[in-house]
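Examination of the molecular architecture
Now for the letters of each chain:
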Amino acid sequence: MDVKTANPSSPFPRSSNSSDPQVAVRCTGLIKRYADVTAVDGLNLEVELGECFGLLGPNGAGKTTTIEILEGLTPADGGSLEVLGQTWGAGDDHALRQRLGVQLQETQLADKLTVEETIRLFRSFYARGRDVDQVIETVALEEKRRARVGKLSGGQKQRLAVACSLVSDPDLLFLDEPTTGLDPQARLKLWEIVEAFRGGGGTILLTTHYMEEAARLCDRVAIMDHGRVISMGTPAELIRTLGADQIVEFRVNGELDPASLSRLPGVSGSRTRGADYLLSVSDAGAALHALLAEIERLGAKLDALTTHQATLEDVFVSLTGRTLRDE
Amino acid sequence: MSKLEPPIADVNASYEREPQQPGWSPAGQQHRYNPLVQLTLARIREFVREPEALFWVFVFPVLLAFVLGIAFRNTAPQKLRIAVEDRAAQSGEAGAATGAQDLASRVAQAISSSPGLTGVVLTPAEAATEFRTGKVELVVQVDSAAGSVPNPQSPDGSPHPAGTTGTATNFEYRFDPTRPESTTAKLSVDDALQRAFGRRDVVETRDQTVIEPGARYIDFLIPGLIGLNLMGSGMWGLGFALVQARNRKLLKRLAATPMRRSHFLLSFMISRLVFLSFEVAAVVIFGWAVFGVAVHGSIVTVGIVALIGSLSFAGVGLLVASRPKTIEGVSGMMNLVMLPMWLLSGTFFSYSRFPDFLQPAIKALPLTALNDALRAVMNEGAPLRSIWVGVAVLAAWGLVSFAVALKIFRWQ
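The numbering scheme is per chain: residues are counted from 1 as the chain's sequence reads. Naming scheme: in the order in which they are written, chains are lettered from A and ligands are numbered from 1. The predicted origin of the model limits local features to residues at a pLDDT of at least 70 and limits the giving and counting of side-chain atom pairs to 80 or more, whereas totals for whole chains, interfaces and linings rest on all residues.

All right, on to the overall build of chain B then. The secondary structure content of chain B amounts to 14 helices and 4 strands. Exposure is read from a count of other C-beta atoms within 10 Å of each residue's own; the residue is exposed at 12 or fewer, buried at 20 or more and partly exposed in between. C-beta atoms are placed from the backbone. Within chain B, the fraction of its 412 residues that count as buried is 36%. Excluding contacts between residues fewer than 6 apart, the proportion of contacts in chain B whose partners are at least 24 apart in sequence is 78%. Counting from the N terminus, the helices are DSSP H or I runs at least four residues long and the strands are E runs at least two residues long. Once C-beta atoms are placed from the backbone, any two residues with those atoms within 7 Å are in contact.

Of regular secondary structure, chain A possesses 11 helices and 13 strands. Dimensions of chain A, computed from C-alpha atoms along their principal axes, come out at roughly 75 × 45 × 45 Å. A burial count over chain A gives 46% of its 327 residues as buried. Taking as baseline every contact in chain A between residues at least 6 positions apart, the subset at least 24 positions apart corresponds to 72%.

As a further point, take the sheet that holds strand E8 (residues 220–225) of chain A. All names here are of chain A. Taking strand neighbours across the sheet as the criterion, the 6 strands line up as E5-E6-E7-E3-E8-E9 in an open arrangement whose pairing is mixed. Two strands bound the open sheet, and with one partner strand each, they are strand E5 (100–103) and strand E9 (228–233). For this sheet the average axis-to-axis angle between neighbouring strands, irrespective of direction, equals 15 degrees. Strand pairing requires that DSSP identify at least two bridges connecting the strands. Pairing of strand E3 (residues 52–56) with E8, which is carried by 4 bridges, proceeds in the parallel orientation. Across the sheet, residue leucine 55 finds its bridge partner in E8, namely alanine 222. To obtain an axis, a line is fitted to C-alpha atoms, over the contacting stretch when the element is a helix, and the angle between two such axes runs from 0 to 180 degrees between their N-to-C directions. Packed on one face of the sheet, helix H6 (residues 184–199) meets E3, strand E6 (172–176) and strand E7 (203–208) and runs near 150 degrees to E7.

Residue ranges for the domains originate in an automatic or database domain assignment. Per the domain assignment, the segments making up chain A are domain 1 (23–235) and domain 2 (243–309). Placing the centre of domain 1 of chain A and that of domain 2 of chain A at their C-alpha centroids yields a distance of 40 Å.

A separate point is helix H1 (residues 63–70) of chain A. Residues and elements named next belong to chain A. Most of H1 sits inside the fold, with 7 of its 8 residues counted as buried. All of the buried residues along H1 are Lys63, Thr65, Thr66, Ile67, Glu68, Ile69 and Leu70. Taken from the residues just after H1, glycine 72 is the one with a positive phi, measuring 80 degrees.

All names here are of chain B. The predictor attaches a confidence to each residue, called pLDDT, with possible values from 0 through 100. Scored by pLDDT, chain B comes out at a mean of 81, with 81% of its residues at no less than 70. For the stretch residues 1–29, pLDDT sits under 50, and the model shows 46 contacts to residues farther than four places along the chain or on other chains. Overall, residues 154–166 carries pLDDT values under 50, and its contacts beyond four positions in sequence, including any with other chains, amount to 18 contacts. Confidence estimates for the predicted assembly give a pTM of 0.74 and an ipTM of 0.83.

Here the focus is the packing of helix H2 (residues 35–48) of chain B against helix H9 (residues 261–291) of chain B. Residues and elements named next belong to chain B. Here H2 crosses H9 at 50 degrees, and the two axes come no closer than 8 Å. Between H2 and H9, the angle falls in the class oblique. Where H2 crosses over H9, the handedness of that crossing is right-handed. Note on element contacts: H9 touches H2 through His263, Phe264, Leu266, Ser267, Phe268, Ile270, Ser271, Val274 and Phe275, opposite Pro35, Leu36, Leu39, Thr40, Arg43, Ile44 and Phe47. Here the residues of the contact of H2 with H9 are counted per class, giving 11 nonpolar, 4 polar and 1 charged. Angular relationships are summarised with four words: roughly parallel below 35 degrees, roughly antiparallel beyond 145, roughly perpendicular across 65 to 115, and oblique for the angles in between. Two helices that cross are described as forming a left-handed crossing if the nearer one is turned anticlockwise from the farther one by less than a right angle, and a right-handed crossing if clockwise. All residues other than Ala, Val, Leu, Ile, Met, Phe, Trp, Tyr, Cys, Pro, Asp, Glu, Lys and Arg, Gly among them, are scored as polar; the first ten of these are nonpolar and the last four charged.

The next subject is the nonpolar core. With 150 residues, the main nonpolar core has A:Ala163, A:Leu205 and A:Leu312 as its most contacted residues. Among the elements that take part in this core, helix H7 (residues 217–247) of chain B stands out by supplying 16 residues, more than any other. Setting aside residues up to four positions removed in sequence, A:Leu205 forms contacts with A:Val25, A:Val47, A:Phe53, A:Ile67, A:Leu70, A:Leu172 and A:Phe174. Each nonpolar core consists of buried Ala, Val, Leu, Ile, Met, Phe, Trp, Tyr and Cys residues. Their C-beta atoms, within 7 Å, join them into a set. Formed by 26 residues, the second largest nonpolar core is a distinct cluster that contains B:Leu80, B:Ala110, B:Phe175 and B:Phe197.

What follows is about the confidence of the model for chain A. Considering every residue of chain A, the mean pLDDT works out to 86; 92% of them sit at 70 or more. Contacts for the low-pLDDT stretch residues 1–18 of chain A, under 50 throughout, to residues beyond four places or in other chains number 38 contacts.

All names here are of chain A. The phi dihedral of leucine 84 falls on the positive side, at around 50 degrees, and the residue is not glycine. Within the fold, leucine 84 resides in the loop between strand E4 (78–83) and helix H2 (93–98). Its identity as a non-glycine residue notwithstanding, aspartate 169 has a phi of 50 degrees, on the positive side. Structurally, aspartate 169 is set in the loop between helix H5 (154–166) and E6.

What follows concerns the environment of B:Ala104. All names here are of chain B. With respect to the secondary-structure elements, alanine 104 resides in helix H4 (residues 94–112). Note on alanine 104: 26 C-beta atoms within 10 Å, which makes it buried. In this structure, the C-alpha to C-alpha distance between alanine 104 and alanine 403, residues 299 residues apart in sequence, is 71 Å. Residues in contact with alanine 104, not counting those within four places in the same chain, are Val84, Glu85, Asp86, Val121 and Val142.

Below, the discussion takes up H7(B). Residues and elements named next belong to chain B. Here, expected helix span is obtained from the residue count minus one, scaled by 1.5 Å. In a regular helix each residue adds 1.5 Å, so 31 residues correspond to 45 Å; H7 covers 43 Å between its end C-alpha atoms and thus fits that length. Where burial is concerned, most of H7 is hidden: 27 out of the 31 residues are buried. Downstream of H7 by a residue or two, lysine 249 has a phi angle that is positive, lying close to 65 degrees.

On to the environment of A:Gly54. Residues and elements named next belong to chain A. For glycine 54, the position within the fold is in strand E3. The class of glycine 54 is buried, set by 30 C-beta atoms lying within 10 Å. When residues no more than four places from it in sequence are discounted, the contact partners of glycine 54 are Leu206, Thr208, Ala214, Leu217, Cys218 and Val221.

Residue and element names in this part refer to chain B. With respect to the helices, strands and loops of the structure, glutamate 181 is situated in helix H6 (residues 180–196). As for glutamate 181 and alanine 215, which are separated by 34 residues in sequence, their C-alpha atoms are 19 Å apart. Contact partners of glutamate 181, with chain neighbours within four places excluded, come to Leu80 and Glu137.

Residues and elements named next belong to chain B. Burial analysis of strand E1 (residues 80–85) places 5 of its 6 residues in the buried class, the great majority of the element. Both E1 and strand E2 (residues 117–122) contribute to a ladder of 6 bridges, which runs parallel. Residue leucine 80 lies in a different strand from E2, and its bridge partner there is leucine 117. Sheet analysis places E1 next to strand E3 (residues 138–143), joined by 3 bridges and oriented parallel. Bridging across to E3, isoleucine 82 finds its partner in leucine 138.

Helix-helix packing is characterised by the crossing angle of the two axes and by the distance between the axes. All names here are of chain B. Where helix H3 (residues 51–71) contacts H9, the two axes come as close as 10 Å, and the packing angle between them is 25 degrees. Taken together, the axes of H3 and H9 are roughly parallel relative to one another. Seen from above, H3 lies across H9 with right-handed handedness. Between H3, through Val57, Phe58, Pro61, Val62, Ala65, Phe66 and Gly69, and H9, the contact on the second element is made entirely by Phe275, Phe278, Glu279, Ala282, Val283, Phe286, Gly287, Val290 and Phe291.

This paragraph deals with the sheet that holds strand E1 (residues 23–33) of chain A. Residue and element names in this part refer to chain A. One open sheet accounts for 3 strands, arranged E2-E1-E4; its pairing is antiparallel. Lying at the two open borders of the sheet, with one neighbouring strand each, are strand E2 (38–48) and E4. Sheet twist, expressed as the average angle between the axes of neighbouring strands with direction ignored, equals 15 degrees. Sheet topology places E1 next to E4; 5 bridges connect them, and they run antiparallel. What sits directly across from valine 25, in E4, is valine 83.

Written out as structure tokens, the structure reads:
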């Protein structure tokens, strides 16, 4: 993984008084309990400066609670926490907020204000930051500059929300499910904005339940489930833990023994999902050959067969037995 | 699994991205915007871009003043309607009937000849119904022996010597002493009948009527409407905007910025002051132009009272809106707080009509204090020093509410 170097002309030193100059966020044994549920259950995390770090997990995994604790909006019930070398409530929250950019999952900005007025409002809260016009350009809302927020499309609203978080030229950008509910094109535009920020040396912590988003944007990913990190690494590393490059998914009319499928040459694992069989495959050619032979030997008939590159989704499924969007 | 999933090769490619890109050189500080100014501008913009809010704050009070001013305008005093029971309509005897009817209509005539009274002959059933429904203020029953008909009035209009036959003629007045008009009617009717039957006045009296501007209902109403309007716009203006922002997680988003929270709350206060002048001016100018309601005191004093009143209600509105998460929740609380003041604080009618034991509580209400102070200045020309108690009551409400609201305000 390449840690991007800080932009030398940045108005902020990208790492100031952190005990470890390379760490943007560090939390150890983080706990948050609500009346009926432990949302964050001993979470350990370390985000390095200059990287884009993703919290990937299904809804209810504790991603939003975690990010809101890091943003200083929700107090933790236990564990230790350090953001850009500072802790919340230590007396200088205001200075820390000056260095953060935040996009919350559910925020609806004021409908009656225009794009430009909204960004200018957010700009006014920060001692230093980016020019309003430049931010509008960055999020490609020039044509909507004087449009009311209420008239924007979902994708435009989301880009505006990100613009409000970028206008401070933050050292650390928090994005909570930035593309949830967006259409593919709007999602792509947003990804480009995030990539541009990261390319400028900024650090990003984002949550998502889209594995393709995590795979595309994130240098490292922590897979979360039930308030804990169950696996962490680069997307490539995580996928490698499957021991497979490809996933073969097929359906037959007849019974197959998953265990015997695992022993086929080139196959590193197998499981079923409903009527479908899924094989993790390291050598697709050998595996397909052997699979077809096995089906023929058992006298079953192949109904459907697809293969795809192994993804973070497959990693999550292999870790939890559930898919990311099950719940 | 999404059909959008990029091939794995793309994922790997993303690690070889060029360190980016134009547009990310950090900007200088071309513009430094003042957060308090920006927040206040945002408040003002949101308000003026909301047509409904403009209606309720500017048009509604003027409409209300217009409708009430028309309804309660001072016209020539209305005549009181008096029923004279026609017993004959019930008794079957033809001869007696004619005589009694005759008497009833002559009594009615005698009543009508008095200014301010109209006498009508009704059957006892009709009279009872009209009395119950308030269409007549008083019912006169005539008891008289048949044939002994008094002639109440000589043709030249001067009172005729008493009861020509000498037979006792008794009138019985049925009236409701709790209805002021009823009591007035009783006195006037009695006076009219006594004179008609020969009573002489011992001293001569003369009437001189004066209709004083400043004592009309509209003069009472206009300051009350200003007070009411300041309460409504202060409380709704803050309450809705704050709860909506909380409901839409905008407050939470703002809490994640280094915005000074005092700036945020202050921006609401300042924007209230901006609209205050327009709100007060709209009603004052309307009252002056349409109904000739004059401001007897100093305009500056009216402004000071309105300012403190407005800030006071902004504080109360902030307090009411400091916790609720939904518009429904805050609406209920707003109504709970405002409705008693609508009724008790002497906006539409004087609160002196309420029982004595309630008076201290009513006078402690902020709207009462505001209405009384505005009336003192506008109608009586009172200087600021003579209304300081009311102003102090208002200020206390504002300060205490603001302080408590800051303590319990919910940002998320």
